[in-house]
Amino acid sequence: MNEEIKNYYDDLAYSYDSNRFENSYGKFIDKQERVFLTKHLPSASTHTILDLGCGTGRFLEFANNGVDISPNMIEVASKKHPLKELKEGSVTNIPFPNNYFDAIYSLHVIMHLDKMTTASFLTEAANKTQAKGSLIFDFPSKKRRNLVKYKANNWHAANQFSLEEITGLAEKYWIVKQTVGILFFPIHRFPLFTRPLLNKIDHLLCRSFLKEYASYIIIKLEKK
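Residues numbered from 1 in each chain as written. Predicted model: local features only at pLDDT ≥ 70, side-chain atom pairs only at ≥ 80, totals over all residues. Heavy atoms only, no water.

Q: What am I meant to see in the packing of aromatic side chains here?
A: Remark: the centre distance and the inter-plane angle together describe each pair of aromatic rings, the angle taken between the planes. In the structure shown here, the tally under the stated rule is 13 aromatic pairs. Between Tyr-8 and Trp-155, the aromatic rings sit 5.3 Å apart at their centres with planes inclined by 90°, giving edge-to-face as the arrangement. Of this pair, Tyr-8 sits in helix H1 (residues 2-12) while Trp-155 is found in the loop between helix H6 (142-148) and helix H7 (163-170), placing the two residues 147 residues apart along the sequence. Judged by its relative accessible area of 29%, Tyr-8 is partly exposed. With a centroid separation of 5.6 Å and 80° between ring planes, the pair formed by Phe-184 and Phe-185 is classed as edge-to-face. Connected via pairs of aromatic rings, a cluster forms that spans Tyr-8, Tyr-9, Tyr-16, Phe-21 and Trp-155. When the ring centre of Phe-21 is taken as reference, the NZ or CZ atom of Arg-58 above it lies at 3.7 Å. Looking at Lys-87, its charged tip hangs above the ring of Phe-96, at a distance of 4.1 Å from the centre. (Phe/Tyr/Trp six-rings, centres within 6.5 Å; stacked < 30°, edge-to-face > 60°. Helix = DSSP H or I, 4+ residues; strand = E, 2+ residues; numbered from the N terminus. Buried < 20%, exposed > 50% of the residue type's maximum accessible area, 1.4 Å probe, protein only. Lys NZ or Arg CZ within 6 Å of the ring centre and 35° of its normal.)

Q: How should I be thinking about the pattern of salt bridges in this particular structure?
A: Working definition: two side chains of opposite charge can pair if their charged atoms are close together. Taken as a whole, this structure holds 12 salt bridges when the rule is applied. Asp-30 is the partner of Arg-58 in a salt bridge, and the nearest nitrogen-oxygen pair spans 2.6 Å. Here the residue Arg-58 occupies a position in the loop between strand S1 (49-52) and strand S2 (65-68), and Asp-30 occupies one in helix H3 (residues 24-40), the gap between them amounting to 28 residues. As far as the burial class goes, Arg-58 and Asp-30 line up, both buried. For the salt bridge of Glu-165 with Lys-142, the shortest nitrogen-to-oxygen distance reads 2.7 Å. On the criterion of sequence distance, the pair formed by Glu-165 in helix H7 and Lys-142 in helix H6 is long-range, its members being 23 residues apart. In the salt-bridge network here, residues are joined through shared partners; they are Asp-30, Glu-33, Arg-34, Arg-58 and Glu-61. (Salt bridge = Lys/Arg side-chain N within 4 Å of Asp/Glu carboxyl O.)

Right, dumping it as structure tokens:
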């Protein structure tokens with residue numbers, strides 16, 4: 001599957017930003033993710049931080065280092081962030097020494113993997129992170145998908161979990177510190193004039209007991 005994913009993103013790399021994040025749906029998700037990263041990541045000026053699955057570098061301002069499976073994605077990211085150290089690798093093969101990072105984050109990556117690869121990712125991230133270091137990632141919510149009867153067509157965004165499942169996979173190395181939802185409403189389907197109010201309501205629901213019914217869940221773990 002890794003080769004298929006690499007080829008997919010190699011082909012998409014040069015149009016990825018405009019294709020995915022210049023529309024209202026992409027901008028809304030981007031805003032919510034940035035709020036979480038800003039609140040929960042230490043400063044890259046004083047800590048060693050990895051953007052794992054950095055893609056075209058959308059979030060590289062939060063990190064010193066980036067890893068991606070697609071060389072074309074890395075090429076685009078390096079032009080935007082020439083001072084960052086970027087390497088080819090994967091979530092199960094991070095090309096840095098053990099205990100190297102204070103924090104790792106990986107967004108829009110785990111959704112493409114299967115359960116076994118996700119478990120390997122949690123182990124590899126633990127190997128590369130210092131004690132008490134952080135791991136942040138997102139995944140599609142199984143409860144939301146069951147509610148809307150979502151059916152994946154192929155590997156793309158096919159992975160899904162409940163919080164209980166992720167906690168079970170992570171418990172050997174990690175402690176859950178924070179969880180929130182991302183995108184409770186299909187915001188891009190509502191008229192523009194309603195979105196400021198919906199943004200506020202969405203933000204509240206994604207942090208309430210209903211957060212597992214958001215489209216995605218973003219989680220922060222701390223290494224034991």
